[in-house]
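Now for the letters of each chain:
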Amino acid sequence: MSKMYTFFNDIHMFGAHALKGTVWDYDESSYYLGDNIDLTGCKSKDITPAYELLACLLKLFAGRFVRGNHEADLVQAPDFLKVDGHILLTHGDYLALPEHKAKEIRAKQVGGNWLVRMWNRIVCGWLASKFELPTRGDFLERAYKAAVEYGTDTVVCGHLHV
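The following paragraphs examine the structure supplied in this document.

## Quick look at the overall build of the protein chain
Then, in step 1: From N to C terminus, the protein chain includes 5 helices and 5 strands.
Then, in step 2: Each helix (α) and strand (β) of the protein chain, taken in turn from the N terminus, gives the series β-β-α-β-β-α-α-α-α-β.
Then, in step 3: Within the protein chain, the proportion of its 162 residues that are buried is 40%.
Then, in step 4: For the protein chain, long-range pairs separated by at least 24 residues make up 68% of all intrachain contacts whose partners lie at least 6 apart in sequence.
Then, in step 5: Roughly 9400 Å² of accessible area belongs to the protein chain as shown, and the carbon and sulfur atoms make up 60% of that amount.

## With respect to unusual backbone geometry
Then, in step 1: Not every positive phi belongs to a glycine, and Asp 35 is a case in point at roughly 65°.
Then, in step 2: Turning to its location among the elements, Asp 35 is positioned in the loop between strand 2 (30–32) and helix 1 (47–60).
Then, in step 3: In the Ramachandran plot, Asp 84 falls in the positive-phi region, its phi being about 50° despite a non-glycine side chain.
Then, in step 4: Among the residues examined, Asp 84 registers a relative accessible area of 43% and is labelled partly exposed.

## Concerning the nonpolar core
Then, in step 1: Judged by nonpolar contacts, the single largest core of 13 residues is most densely connected at Tyr 32, Ile 37, Leu 39, Leu 54, Leu 57, Phe 61 and Phe 65.
Then, in step 2: The leading source of residues in this core is helix 1, at 3 residues.
Then, in step 3: In this structure, Ile 37 is in contact with Met 13, Phe 14, Tyr 32, Ala 50, Leu 53, Leu 54, Leu 57, His 70 and Glu 71, ignoring residues within four places of it in sequence.
Then, in step 4: Core analysis: the next-biggest nonpolar cluster, separate from the first, contains 10 residues, Phe 80, Ala 96, Leu 97 and Phe 139 among them.

Analysis parameters
- Residues numbered from 1 in each chain as written.
- Predicted model: local features only at pLDDT ≥ 70, side-chain atom pairs only at ≥ 80, totals over all residues.
- Heavy atoms only, no water.
- Helix = DSSP H or I, 4+ residues; strand = E, 2+ residues; numbered from the N terminus.
- Buried < 20%, exposed > 50% of the residue type's maximum accessible area, 1.4 Å probe, protein only.
- Contact = heavy atoms within 4.5 Å.
- Areas by Shrake-Rupley, 256 points an atom, 1.4 Å probe, with all protein chains shown as cover.
- Core = buried A, V, L, I, M, F, W, Y, C linked by side-chain atoms within 4.5 Å.

In structure tokens form, the structure reads like this:
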């Protein structure tokens, strides 16, 4: 019988495009795959509650937490996690983008003002669609290399919002 998993990713709580009404129905087979708490997109007044919730989720998903680009590099959690000896979990930004670009995005300021959030949401999104858009082949090649590096036969990720 196959083992079942639950993955939480890209909910973006505290962000401008949060998925409202998400139910955190978790157990020992649940994994946090990043961008559920949107530190880089939250309002300045929400930074403290966002960090508090993130701290709770880090404890709740202990050993089953992979950080995403919206948690930034401020969270002490892995970018890749090997599960059950053959499954590689990652948020996906390191697969979707060249490593230097993913690191640049993760270095964003936490809790930007409304202008920064608007810029990130509209202008940067539009620019990303026009320039340096990763191809499916680039993504698959990076996923394959990561699977080989970690000795896995399966890669599960979020980030792409598809």
